[in-house]
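# Overview (structure and organization)
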Amino acid sequence: MRAVFFALVVLAPALAQAESKTLPSLKNDVFEGRVINRGVPRPQALSISRKLYLNDCKAGAGCVVTKTSFRNDSSLTNRSSIPNLSNGQTTTLQGYTWGDDHWNQVVDCVRETFAPFDIEIVTDAPTGNHHEVMVAGTAEELAYSDAGGVAPFIDCGATADNMLVFVFANQTNDVKYLCGAIAHEAGHAWGLSHSLDADDPMTYLDLGSSKRWQNFDAQCGEESPRQCECDDVGGTNSSSKENSFKYLRTQFGMISTLADTTIELDRPSEGQFVRSSFPISARYESPLELNSGSIATDGQTFLQIPEENLLFAWASPELPAGPHTLTISVVDEGDRTAMKTVNVNVLASCAGGAACASGTVCFEELCQPLTDGAGGLGSTCTNNFDCISGACASDGAQSLCSGSCEAGSSCPDGFECLSSNLCWPEAGGGCSATGGDGSMLLLLALGGLA
Ligand SMILES: [Zn+2]
């Protein structure tokens, strides 16, 4: 009987978008150099608002924006240095055109993107200090050259309050693109430059794919490496790399209500008897992406879990008979760790007629324990994973670990090979009340997992 093991999928792989659409390009020089280094000292403590207002400009007849001079941008007065107008002139951004359901999807995505941090995403106009993304209209309506979004100039560090940035939402209905662009422009407002990490919102690469703040020292640049505008962004100790996650964490802190990261081992279970190489499956649960992880036996790491791993299932290395510990540890994007250890017992081999210790019986070339519940032949079980053989069978009255056999042979003492070609405790032996020839004996369906 060959055991079949099911890996648990903990994260759904991103599905490729089948629809084709033309995304507006962010690859425009209007995005470059928005964060500039004038030597202004970075503040030691956050002195700006933690509130980010997503304004769909649907109240009234769009958002009226007044042109102002550089560094006089304000979300409180809807003044912006960005439009190509004379100071004091106004222009109107038309309201978000894709409907409420679509808007809610974008807002949810932005909230998920900023979830690790103590940043409040709101959609009702705040009365006090706040940063604002106008998610509306087109670049043309802002009297601006072609772009997907734009942020005003800012010094290094989260130095300016009430920043007003734009994402020209009516140019595309791609939710992931809009979500990433909002995070991107807000990132500029708080002092982040462009990154070559295609998974990070600050990138120009692979626009329209899901973006999350990456705890990674990423190379600055649009399409090729360059120096960052500011040094040591996010503690990189480098002038050419920035770590967006650590930077935002330093500026705003992690939110106190963030759910913990946990790792659970589904296989093997504590104290389980296992073969020399055994399946391992685990569940990673966290509001944050996995950053790194490892699995060790007896303290020796044998596998680094790749960041992109979506299927938490592996096989252990071959281990000698006897007790061993298995430890899985993970680190999430917030540098939070979780760990789980279980003890397992690797079964001795009785291949080639080797003797088994008392209290065990040789079956399928393994010395299987006769202790009930331990997974050996005749042990009670509820699913196939409970059994060393991988075969939990039921006669309708009870479920016991079984295993395949040929009539008249190959079952150990105390067991008989029934007509269903499964080993079963001999009638009258032990506590089994099974009668007849067991013709009703059925293997449990695979996949009967709790
Ligand atoms: Zn940009």
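As a reminder, the structure under discussion sits directly above these lines.
Procedures and definitions
Residues numbered from 1 in each chain as written. Predicted model: local features only at pLDDT ≥ 70, side-chain atom pairs only at ≥ 80, totals over all residues. Heavy atoms only, no water. Donors = N, O, S within 2.8 Å, 3.2 Å for Na, K, Ca; no water. Helix = DSSP H or I, 4+ residues; strand = E, 2+ residues; numbered from the N terminus. Buried < 20%, exposed > 50% of the residue type's maximum accessible area, 1.4 Å probe, protein only. Expected span 1.5 Å × (residues − 1). Arc of directions from axis to C-beta. Contact = heavy atoms within 4.5 Å. Phe/Tyr/Trp six-rings, centres within 6.5 Å; stacked < 30°, edge-to-face > 60°. 1 Å grid on protein atoms, 1.4 Å probe; cavity = no way out; pocket = protein on both sides within 12 Å on 5 of 7 lines; lining within 4 Å. Points joined across faces, edges and corners; volume = space filled by probe spheres on them. Nonpolar A, V, L, I, M, F, W, Y, C, P; charged D, E, K, R; others polar. Salt bridge = Lys/Arg side-chain N within 4 Å of Asp/Glu carboxyl O. Core = buried A, V, L, I, M, F, W, Y, C linked by side-chain atoms within 4.5 Å. Polar contact = N/O pair within 3.5 Å; in protein donor to acceptor, adjacent residues only side chain to side chain. Disulfide = S-S within 2.5 Å.

Ligation of the zinc ion by protein atoms is provided by His184 (NE2), His188 (NE2) and His194 (NE2), these donors lying 2.0 Å from the ion. Here the donor residues of the zinc ion share one chain and are spaced in sequence as H-x3-H-x5-H. You can see His184 and its partner His188 sitting in helix 2 (residues 175-189), four residues apart, about one turn around the helix. The two residues His184 and His188 agree in class, both being buried.

Moving on: helix 1 (residues 100-114). Side chains three or four residues apart in an α-helix point the same way, a direct result of the helix having 3.6 residues per turn. Here helix 1 contains 15 residues, and its C-alpha end-to-end distance of 21 Å stays within 8% of the 21 Å for a straight helix at 1.5 Å per residue. Every buried residue of helix 1 is listed here: His102, Trp103, Val106, Val107, Cys109, Val110, Thr113 and Phe114. Down the axis of helix 1, the buried side of the element spans an arc of 160°, and every buried residue falls inside it. Across from the buried face of helix 1, at angles greater than 90 degrees, the exposed residues are Asp100 and Asp101. Residues of helix 1 that are buried in the fold lie against strand 2 (51-55), strand 6 (120-122), strand 7 (131-135), helix 2 and helix 3 (244-252).

The subject of this paragraph is the side chain of Ser240. Note on placement: Ser240 falls in the loop between strand 11 (218-219) and strand 12 (241-242). Apart from residues lying up to four places away in sequence, Ser240 is in contact with Ala218, Gln219, Cys220, Arg226, Gln227 and Cys228.

The final tally for this structure, using the stated rule, is nine aromatic pairs. With a centroid separation of 6.3 Å and an interplanar angle of 10°, the aromatic rings of Phe166 and Phe168 are classed as stacked. Across the pair, Phe168 and Phe166 agree in class, each one buried. With a centroid separation of 5.6 Å and an interplanar angle of 70°, the aromatic rings of Phe312 and Trp314 are classed as edge-to-face. Taking relative accessible area as the criterion, Phe312 reaches 1% and is therefore assigned buried. Taken together, the ring pairs in this structure connect Phe114, Trp190, Trp213 and Phe252 into an aromatic cluster.

A separate point is empty space enclosed by the protein. A probe matching the size of a water molecule, rolled over the atoms, marks out where space remains unfilled. For the structure on display, the rule yields five cavities of 30 Å³ or more. Tallied by class, the residues present in the lining of the largest cavity amount to five nonpolar, five polar and three charged.

This structure, assessed with the given rule, holds 12 salt bridges. Between Arg212 and Glu112 there is a salt bridge whose closest N-O contact spans 3.1 Å. Highlighted residues: Arg212 in the loop between helix 2 and strand 11 and Glu112 in helix 1, separated in sequence by 100 residues. Residue Arg212 is classed as buried on the basis of its relative accessible area of 18%. Looking at Glu112, the relative accessible area reads 47%, which means it is partly exposed.

Take the nonpolar core next. Soluble globular proteins: nonpolar side chains tend toward being buried together. If you look at the biggest cluster of nonpolar residues, it comprises 45 residues, and the most contacted ones within it are Leu52, Leu54, Phe114, Trp190, Trp213 and Leu248. Breaking this core down by element, the ones donating at least two residues are strand 2, helix 1, strand 7, strand 10 (164-167), helix 2 and helix 3. If one sorts the elements of this core by residue count, helix 2 sits on top with nine residues. Residues contacting Phe114, with those up to four places away along its chain left out, are Leu52, Ile119, Ile121, Ala183, Ala186, Trp190, Trp213 and Leu248. Within the second largest apolar cluster, 20 residues are counted, among which are Phe278, Phe312, Ile328 and Val346.

The first and last C-alpha atoms of helix 2 sit 21 Å apart over 15 residues, in line with the 21 Å expected at 1.5 Å per residue. In terms of residue burial, helix 2 counts as a mostly covered element, since 14 of its 15 residues are buried. Between the side-chain oxygen of the N-cap and the backbone nitrogen of Lys176 there are 3.1 Å, and the N-cap of helix 2 in question is Asp174. Gly191, located one to two residues past helix 2, shows a positive phi value of around 105°.

Another point: the state of the cysteines. For the structure shown, the criterion picks out 10 disulfides. A sulfur-sulfur distance of 1.9 Å marks the disulfide that ties Cys156 to Cys230. Torsion about the S-S bond of the Cys156 and Cys230 cystine: about -90°, corresponding to left-handed handedness. Here Cys156 is found in the loop between strand 9 (154-155) and strand 10, whereas its partner Cys230 is found in the loop between strand 11 and strand 12, with 74 residues between them in sequence. Here Cys230 falls in the buried class, since its relative accessible area comes to 1%.

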